[in-house]
Amino acid sequence: MPEKLSPFHIAILVYMTQSGIVIFTLPRSLADYFGTNGWLVVIPCLLLSSFNIYLITLVFRLGKGRSIFEIMEQSVTKVILYPFYFGLTAVWLIFGCMIGKKYVLLFQMLAFPTTNPMLFKLAIDVLAFMMLIKGIYRMSNAVTLFFWMTIWMFGLLLWFFPSFRWARLTPFILQGGHDQVKGAMEVYAAYLGYELSILLFPYMNKSKSKKSMTAIYAGNAFLSFVYICLSLICFGFFGPGQLKKLLYPVLDLLAYIQLPFIERLENLLYGFFLFLVLVTVVMYWWAAQLSMQRIMPKVKTPVLLFIMLGSSYCVSFIPKTLDEVNVWITNLGYAVTGIAFFLPLLLIMILLIQLKGGTSHA
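Residues numbered from 1 in each chain as written. Predicted model: local features only at pLDDT ≥ 70, side-chain atom pairs only at ≥ 80, totals over all residues. Heavy atoms only, no water.

Colleague: Account for the nonpolar core, with residues named and values stated.
Modeller: The tendency in soluble globular proteins is for nonpolar side chains to be buried side by side. One finds Phe24 and Leu199 to be the most contacted residues of the largest nonpolar core, which totals 133 residues. Among the elements that take part in this core, helix α12 (residues 265–295) stands out by supplying 19 residues, more than any other. The contact partners of Phe24, leaving out residues within four places of it in the chain, are Leu106, Tyr248, Pro249, Val250, Leu251, Tyr270 and Phe273. (Core = buried A, V, L, I, M, F, W, Y, C linked by side-chain atoms within 4.5 Å. Buried < 20%, exposed > 50% of the residue type's maximum accessible area, 1.4 Å probe, protein only. Helix = DSSP H or I, 4+ residues; strand = E, 2+ residues; numbered from the N terminus. Contact = heavy atoms within 4.5 Å.)

Rendered as structure tokens:
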């Protein structure tokens, strides 16, 4: 019998999948789109994502822990499902690809401006491939290790307390922003990743189902706690006016940390963010792999992954600059957000039909 994921591993998976490349620009987005005390917008994002997680728990309860693919294939013909699976694969695969591409472009800008970024991208893809062929259980062990290797950086926020000023927050709430609907979509993209927990159902311990569902909420809540603390520190350290002018405020924040025996410490710290980005990329590619395997079940997993990751690597050559990559991530983020809400609702509808004696397709 294959080993099951513990609730702790599930919580870590959810948190690590969500925390990724968006963290570098989140404070600026909050200040730019929502103005003064924009960090408060994180709270409704937490509530909305928690509602989405509630829909996922409904799918788990109604489907009794079955795989979402089994649920759909019981009632929907494969003629309809295969294009749907292919669409899921394409969105998840390219979304993960562009997240990795953005990280390497930032890394090139900071440390190796004359090096071809696609060499770094190839290295990340090889690491992701090595993780993916091990399966979700071993991946979760690696993700837990990455968690302990990176969580200490959260304590670096204490460094900025002496320079934190409540006066910089101002008494005004959400004043001076613009395009708040667009901003809300961009900020909510920082939460994406929790929706992949819907694919973990077959790997959960059924005897601990309630704890497993609670773990998804816990991972999402811990991420919100990190976002609130980080955004609050940035607003109190820089102020909303200066935050709007900073392209990557978290990197500027790290640059203020100076030690007598290390220069440009932010470059070293940025390297640790690779583990967060790698987990996000790997989990989206794992989701794409599961979806594609329903279309090509007879293809061996390493071969399928090689084809998929090779295709995504070729696609990553298309956007050349950070601005182009950001456009791809923004547009794909809209699609991923839509999937996050649409997929659980679709599954709930199918399950309700099945409970009332709906037809099934072989």
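Further notes follow.
Colleague: Describe a nonpolar patch on the surface, listing the residues and the values that go with them.
Modeller: A cluster of nonpolar side chains, Leu122, Val126, Leu127 and Met130, forms an exposed patch at the surface whose accessible area comes to about 340 Å². Turning to its location among the elements, Leu127 is positioned in helix α6 (residues 117–132). Using a relative accessible area of 38% as the deciding quantity, one classes Leu127 as partly exposed. (Patch = residues over 30% accessible without salt bridge, like charges linked within 9 Å, V, L, I, M, F, W, Y side chains within 5 Å. Areas by Shrake-Rupley, 256 points an atom, 1.4 Å probe, with all protein chains shown as cover. Salt bridge = Lys/Arg side-chain N within 4 Å of Asp/Glu carboxyl O.)

Colleague: Can you lay out empty space enclosed by the protein for me, pointing to particular residues and giving the numbers?
Modeller: A full pass over the atoms with the stated rule returns two cavities of 30 Å³ or more. Each pocket or cavity is described by its volume, and for the largest cavity that value is around 290 Å³. In terms of lining residues, the largest cavity is bounded by 18 residues, among which Ile23, Met153, Phe154, Val226 and Phe273 are the most central. Broken down by secondary-structure element, the contributors of at least two residues to the lining of the largest cavity are α9 (209–238), α11 (249–255) and α12. Of the residues in the lining of the largest cavity, the class split is 16 nonpolar, two polar and no charged. A volume near 40 Å³ is recorded for the second largest cavity. If you tally residues by element for the lining of the second largest cavity, the top one is helix α14 (residues 322–355), at four residues. Per-class residue counts for the lining of the second largest cavity are six nonpolar, no polar and one charged. (1 Å grid on protein atoms, 1.4 Å probe; cavity = no way out; pocket = protein on both sides within 12 Å on 5 of 7 lines; lining within 4 Å. Points joined across faces, edges and corners; volume = space filled by probe spheres on them. Nonpolar A, V, L, I, M, F, W, Y, C, P; charged D, E, K, R; others polar.)

Colleague: I'd like to hear about the layout of surface pockets, residue by residue, with values.
Modeller: Within this model, the largest pocket holds a volume of roughly 640 Å³. As for the largest pocket, its lining consists of 33 residues, of which Lys102, Glu186, Asn326, Ile329 and Thr330 are closest to the centre. Residue assignment for the lining of the largest pocket shows that the elements contributing at least two residues are α1 (7–18), α2 (26–34), α5 (78–110), α8 (180–188), α12 and α14. Looking at the lining of the largest pocket, the element that brings in the most residues is α14, giving eight residues. In the lining of the largest pocket, the residues fall into 18 nonpolar, ten polar and five charged. For the second largest pocket, the calculated volume is near 180 Å³. In terms of lining residues, the second largest pocket is bounded by Phe86, Thr89, Ala90, Leu93, Ile94, Met292, Met296, Leu304, Ile307, Met308, Ser311 and Val315. When the residues that make up the lining of the second largest pocket are grouped by side-chain class, the tally is ten nonpolar, two polar and no charged.

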